[in-house]
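# A look at the structure
Here are the chains, one letter per residue:
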Amino acid sequence: MSEAQPVRLDTEGEIGVITVNNPPVNALSPGVPEGIVAALRAAEANPAIRAVVLIGAGRSFIAGADIRQFGKNRVRPPLGQRVYDVLDAGTKPVVAAIHGYALGGGLEVAMACHYRIAVPTAKVGLPEVLIGILPGGGGTQRLPRLIGPKAAVDMIVTGRHVPAPEAAALGILDEVLPEGADLRAAAIAYARRVAAARPLPRVRDRTEKLAEAKADPALFDDVRKSIARRARNQKAPYNCILAVEAACTLPIDDGFKREQELFAELENSDEARALRYAFFAEREAAKLPDLPPGVAPRDVRSAAVVGAGTMGGGIAMSFADCGIPVKIMDSTPEAAARGIERIMANYATSVRRGSLTEDEMKRRLSRIEVVGDYADIADADVVIEAVFEEMDVKKPVFRALDRAMKPGALIFSNTSALDIDALAAETSRPGDVAGTHFFSPANVMKLFEVVRGAKSSPETLASAMALGRKIGKIPAMAGNTDGFVANRSRAPFNSEMVILLEEGCLPEQVDKVMVDFGYPMGPFAVGDLAGLDIGAAGRRRRAAANPNYRKLPIADRLVEMGRYGQKTGAGWYRYEKGDRTPHPDPEVARIIRETAAAMGVAQKTFTDQEILRRLLFSSVNEACRILEEGKAYRASDIDVMWLHGFGFPRYRGGLMFWADQIGARAVYDQIAAWHQAYGERWTPARLLRDLAESGTPFREAKPAPMT
Ligand code: T1G
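Each value, and the rule that gives it
Residues numbered from 1 in each chain as written. Predicted model: local features only at pLDDT ≥ 70, side-chain atom pairs only at ≥ 80, totals over all residues. Heavy atoms only, no water. Helix = DSSP H or I, 4+ residues; strand = E, 2+ residues; numbered from the N terminus. Rg over C-alpha atoms; globule rule 2.2 N^0.38 Å. Buried < 20%, exposed > 50% of the residue type's maximum accessible area, 1.4 Å probe, protein only. Contact = heavy atoms within 4.5 Å. Areas by Shrake-Rupley, 256 points an atom, 1.4 Å probe, with all protein chains shown as cover. Lys, Arg positive; Asp, Glu negative; His and termini not counted. Charge placed at Lys NZ, Arg CZ, Asp CG, Glu CD. Pairing = 2+ DSSP bridges. Axes fitted to C-alpha atoms, helices over the stretch in contact; angles between N-to-C directions. Phe/Tyr/Trp six-rings, centres within 6.5 Å; stacked < 30°, edge-to-face > 60°. Lys NZ or Arg CZ within 6 Å of the ring centre and 35° of its normal. Core = buried A, V, L, I, M, F, W, Y, C linked by side-chain atoms within 4.5 Å. Right-handed = clockwise from strand over helix to strand, strands pointing away. Salt bridge = Lys/Arg side-chain N within 4 Å of Asp/Glu carboxyl O. Patch = residues over 30% accessible without salt bridge, like charges linked within 9 Å, V, L, I, M, F, W, Y side chains within 5 Å. Parallel < 35°, antiparallel > 145°, perpendicular 65-115°, else oblique. Left-handed = near helix turned anticlockwise from the far one by under 90°. Nonpolar A, V, L, I, M, F, W, Y, C, P; charged D, E, K, R; others polar. Domains from an automatic or database assignment. Near = heavy atom within 4 Å. Polar contact = N/O pair within 3.5 Å; in protein donor to acceptor, adjacent residues only side chain to side chain.

### Section: the overall build of the protein
For the protein, the count of helices and strands is 29 helices and 19 strands. Relative to the compact-globule value of 27 Å for 707 residues, the protein shows a C-alpha radius of gyration of 28 Å, a close match. Along the longest, intermediate and shortest principal axes, the C-alpha atoms of the protein span 90 × 60 × 55 Å. With 707 residues in all, the protein has 54% of them scored as buried. Put simply, 73% of the contacts in the protein that link residues at least 6 apart link residues at least 24 apart. Counting every atom, the protein has about 29100 Å² of accessible surface; 54% of that belongs to carbon and sulfur. Separation of charge centres in the protein, based on 91 positive and 88 negative side chains, amounts to 2 Å.

Structure follows, in C-alpha cells:
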C-alpha cells in the first residue's frame, strides 16, 4: 500500500474524481475497497458533486483483488456492502476511466459503474479462472448483461485479456479515446456530459442480451464439451460456466448469491492454491537475489541470431513478435534462405489458423533481415548463437562474434546443455557471455532459461533476465551444469520411463498415466515428436563423460533401426502417412520383450501411481541435487521450468509443489526403498534426506549459494 492514502476524492468543479493509488497495479488490497466505498459515499453526500470519475494512478486502473490475500481467513464484506453494491445503490453517475489493465475485481468495479471509457492501449478481462477461482465480484452476472452470455462465458472461461477496441465492440466499454488523449480530462468531460442523464444506466438492469441463452439452449453444454480436454481434472472452469448460466436463469441478486456459492467451492481448492503458487513463482523466478544493488540491465533495441535452423528461426520470431528488429545469418545463403522460408511458413500457419492477421504477419516479417556476414550484425545490442549443438561448431562462432560485435553487446548461446564457460573462454569478453536456452518451438514456448557462466557479469545476467521478459518469456536462472537445470532435472525422468519398459511396461501405458495426470502429451509421444535421434546424441555424450552412465538399450535399438519418431513414420509408435496420431506398434512391444529378456530383467505389472512416481520422484531427487549444488536459486524456479519447459500441468503447481503435497518424508522413504531395489541411480540426495528429517517443505529448501 502506498504511503499516501490508497484512495482519495478530489473535485474538479462539479465532478468528483476518485483516484486509486496502490502500486504497482492498484490491486484491491485491504483498505482499497473500503477507501473506494468511503469516497463514493462522500461524493453522494456532497451536493456540489453531480457526477464522479473513478481512475487509477500509476500505470493501470485496478488489476483485481489482491491475490496474496486468498487462502487466508479473509474478512469479506457481505453482499450489499461491497464496492459493487454501493455503486449499484448510488444516485449519481460514475464513469470508470481505464488505462493499463482493468482485470478481475477491477473490471467488476468498472462494470458496476454506469459508464466505462478507456485509452486504446487498455486491456480488460476476468482472469480469475487462471488462478483457479471465478469472478466473485458480480462479474459472472454483469458481463453477460453487457455482452451476452456466449461472449461472456468465453472471456470468463479463458481468462483472456481483451484489448480496448474489442471490448468496445463487444459492449464492455462505452468509448475508446483517441491515441494520446488525456484520460483524466476526457473522463471529467464525459462525466459532465452525463451528469444529468437519467435513469442511471446500471448494468444490473440490462437483461436484453440474456435472451441469447434462450435462443441457444445448448450454449453452455457446448462450452463444457469444448473445454473438456484442457480443463481436465479442474473445477474452476466448470464453476465459471455454472455461474454464467445462473445469470441467465436467476434474478441478479440470486445470481450474486449463486456466484458466491460457486466461488466458495474454489478459493481454497488444491487447484487454486497451485495456480496462485505458479503465478507468484513465475514472478519470483525473474528476480536475482544475489544481484549487487544498482546494477541495471542493458537496454536491447536490436538483436541478431546466428544460425537459421528451427531454433534460430524461432528465436528470430520471438524478437520480431515483440517489435525488436532482428538480423539472422547462417553459414551459407542457402541455409539462411531456408531459415527465412521456415519463418514465413510458421507465420502463414498462424494467419491460416486466425491467430495472426495478414498485416501483423507483414509487420513482423519486416523486422527480420537476412544478412550474410558477421560485420552485418556488429551493431546489434544482443546476439544469440543458435548453431548446431556441437562444441566444435559453436566455438568458432564465438570467436567470430568476439571479433565482430560492438563493445557492450550481449553475447548469448541457445545451447541446451553445453558448457557456457567453454564458449565464453573463446572470447575476450566472458563477462558479456551467458546462456539463454529457448525451448522448442522457440517462438511459442515461454521458458527462457538463463545460464550463468563463471565470468558472466551481474549486468549481463540482469540484462538476460530483462530480455526474457521483454520478449514475452518467463525467465529463470540456471547454474552452468550439464543440462543446466531444466534438462538436468528432466534427465532421470527420461531414463526411468525407458527402464520401466525393461520391467514390463509399454509406452502407451506410461503415456496414459501422464496424460491422465494432466500432461497434454505422454512422454513417449513427445519423444517421437522431438526425434529419438536427438535424445540418443545426448545419451552418447553423457555415456562418454560418465562410464557409469546407465545405458538404455531399448531406446538405442530403436534409433539403430532408424525409428526416429514422427519424422521417420515410426518411433515408439507407428504413424500413418500424413497423420501425427501415435499408434501402439507390436514391433516395439516385440523389441521391448526381446531386449528385456536378453537383459534378464524380471517382468512385473505396475500401478498407475507407481509409474507416475517412478518418473517424477527421480526428477524430484535430481532437483534436490541441483539445489544442494547451488545451481538453482529456488525450488519454485524448478517448478517454473517444468511448467513452461515440459508442460507439467499448471493446476498442480509444478514438480516440487506437487511433491510437497506428498511430503519430503514420503518421497525420501520411497526413493530409499528404490535405492535398495535398483542401486546407485536411486541414491537419495542429501538435501532430500535433510528435508525429510527436518520436515521442511521442498518449497522452503535453502539451496547453496548460486555458483
Ligand atoms: N494481487 C497481488 N499482487 C499482484 C496482483 C494481484 N492481483 N497482480 C500483480 N501483482 C504483483 C505481482 O506479483 C508483481 O509483484 C507486481 O504486482 C507486478 O506484476 C474479486 C477474486 C496486471 C497483467 O489475476 O495479470 O480479482 O513481483 O510482474 O507483467 O472477482 O500482474 O513486483 O513483487 O505481473 O506488468 C484477478 C493478476 C485477481 C491479475 C500486470 N486479477 N495480475 O503484469 O506486472 S482475483 C488478476 C496480472 C479477483 C475478483 C477476483 C499482471 C498484470 P512483484 P507483474 P506485469
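### Notes on the sheet that holds strand β6 (residues 115-118)
Spatially, β1-β2-β3-β4-β6-β9 is the arrangement adopted by the six strands of the open sheet, whose pairing is mixed. Two strands close off the open sheet at either side, each with one partner strand: β1 (7-12) and β9 (175-176). Along the sheet, helix α7 (residues 183-194) makes contact with β1, β2 (15-20), β3 (51-56), β4 (94-98), β6 and β9, crossing β3 at roughly 155°.

### Considering the packing of aromatic side chains
Summed over all chains, the structure comprises 17 aromatic pairs. Aromatic pair F439 and F646: ring centres 6.1 Å apart, planes at 80°, arrangement edge-to-face. Taken as a pair, F439 in the loop between β15 (433-438) and β16 (447-452) and F646 in helix α26 (residues 635-646) lie far apart in primary sequence, 207 residues in all. Residue classification places F646 among the buried positions, given a relative accessible area of 16%. Through successive ring pairs, a cluster of aromatic residues spans F439, F493, F517, Y519, F617, W642, F646, F648, W658, W674 and W682. We note R490 situated over the ring of F646; from NZ or CZ to the ring centre the distance is 5.1 Å.

### Structural notes on unusual backbone geometry
In the segment running from P23 into P24, the intervening peptide bond is cis, with an omega of 5°. Tracing the sequence through the fold places P24 in the loop between β2 and α1 (32-45). At the junction of S440 and P441, the peptide bond is cis and its omega measures out at -5° in the coordinates. Here P441 shows up in the loop between β15 and β16. Despite not being glycine, F484 shows a phi value in the positive range, around 55°. Tracing the sequence through the fold places F484 in the loop between β17 (474-479) and α19 (486-502).

### A few points about the nonpolar core
Counting residues in each nonpolar core, the largest one holds 97 residues, and the members touching the most others are I377, W572, L616, W642, M656 and F698. Examining the composition of this core, we find that ten residues originate from one element, helix α25 (residues 608-628), more than from any other. Contacts of F698, omitting those with residues within four sequence positions, involve V620, C624, A635, M656, A659, D660, G663, A664, V667, L688 and L691.

### A closer look at the pairing of β2
Most of β2 is tucked away: six of the six residues are buried. Where burial is concerned, the two faces of β2 agree: the one with I15, V17 and T19 and the one with G16, I18 and V20 are both buried. Relative to β2, β1 runs antiparallel, the two being bridged by six bridges. When the sheet's bridge partners are listed, V7 is paired in β2 with V20. Linking β1 back to β2 in an antiparallel pair, the connection comprises two residues, with G13 at a positive phi of about 65°. Pairing of β2 with β3, which is carried by six bridges, proceeds in the parallel orientation. The partner of T19 across the bridge, within β3, is I55. Note that the unit made of β2, α1 and β3 has a crossover that is right-handed.

### Topic: the sheet that holds strand β11 (residues 326-329)
Reading across from one edge, β12-β11-β10-β13-β14-β15-β16-β17 is the order of the eight strands in this open sheet, with mixed pairing throughout. One side of each edge strand has no neighbouring strand; the edge strands of this open sheet are β12 (368-370) and β17. Strand after strand, the sheet turns through a mean of 25° between neighbouring axes, direction not considered. Relative to β12, β11 is paired through three bridges, and the arrangement is parallel. Looking at β12, one finds that V326 is bridged to I368. Relative to strand β14 (residues 410-413), helix α16 (residues 391-404) is tilted by about 175°, and along the sheet it contacts β10 (303-306), β13 (382-385), β14 and β15. Helix α18 (residues 458-470) contacts β13, β14, β15, β16 and β17 of the sheet and is inclined by roughly 175° relative to β16.

### Observations concerning the side chain of E271
Here E271 is to be found in helix α12 (residues 270-285). Within the buried core, E271 has no salt-bridge partner, and the shortest N-O distance to an opposite charge, that of K235, equals 8.0 Å. Those residues in contact with E271 that lie beyond four places of it in its chain are G132, N233, Q234, K235, A236, P237 and Y651.

### Focus on a nonpolar patch on the surface
Judged by side-chain polarity, M521, V526 and L529 come together as a nonpolar surface patch covering roughly 210 Å² of accessible area. Mapping L529 onto the fold places it in helix α21 (residues 523-530). For L529, a relative accessible area of 42% corresponds to the partly exposed category.

### Details of the packing of helix α13 (residues 310-321) against helix α14 (residues 333-353)
To describe two helices that pack against each other, one gives the angle between their axes and the distance between the axes. Taken N-terminus to C-terminus, the directions of α13 and α14 make an angle of 55°; their axes are 9 Å apart at the nearest point. If you check the angle between α13 and α14, you find them oblique. Crossing geometry of α13 relative to α14 is assigned as right-handed. Here α13 contributes T310, G313, A316, M317, A320 and D321 to the contact with α14, which in turn contributes R342, I343, N346 and Y347. Considering only residue class, the contact of α13 with α14 consists of five nonpolar, three polar and two charged.

### Side note on the domain arrangement of the protein
It is common to give the size of an interface as the accessible area lost on bringing the parts into contact. Segmenting the protein into domains produces domain 1 (7-268) and domain 2 (303-480). Just the C-alpha atoms count here: the centres of domain 1 and domain 2 sit 41 Å apart.

### Some remarks on the site of the ligand
By nearness alone, 28 residues border the ligand, and A65, G105, E108, G136 and R283 come closest of all. For the ligand, an oxygen atom lies 3.0 Å from a polar atom in the side chain of R59. A63 has a polar backbone atom sitting 2.9 Å from a nitrogen atom of the ligand. Burial of the ligand by the protein chains amounts to 82% of its free accessible area of 990 Å². When residues of the shell around the ligand are traced back to their parent elements, those giving at least two are β5 (101-103), α3 (105-112) and α12. When residues of the shell around the ligand are assigned to their parent elements, the largest contribution, three residues, is made by α12.

### Here's the deal with the pairing of β4
Taking burial as the measure, the five residues of β4 include five buried ones, the bulk of the element. Here β4 shows no split at all, with V94, A96 and I98 on one side and V95 and A97 on the other all buried. As paired strands, β3 and β4 are joined by four bridges and run parallel to one another. Within the sheet, the bridge partner assigned to I55 lies in β4 and is A97. Viewed along the sheet, the connection from β3 through helix α2 (residues 83-89) into β4 turns out right-handed.

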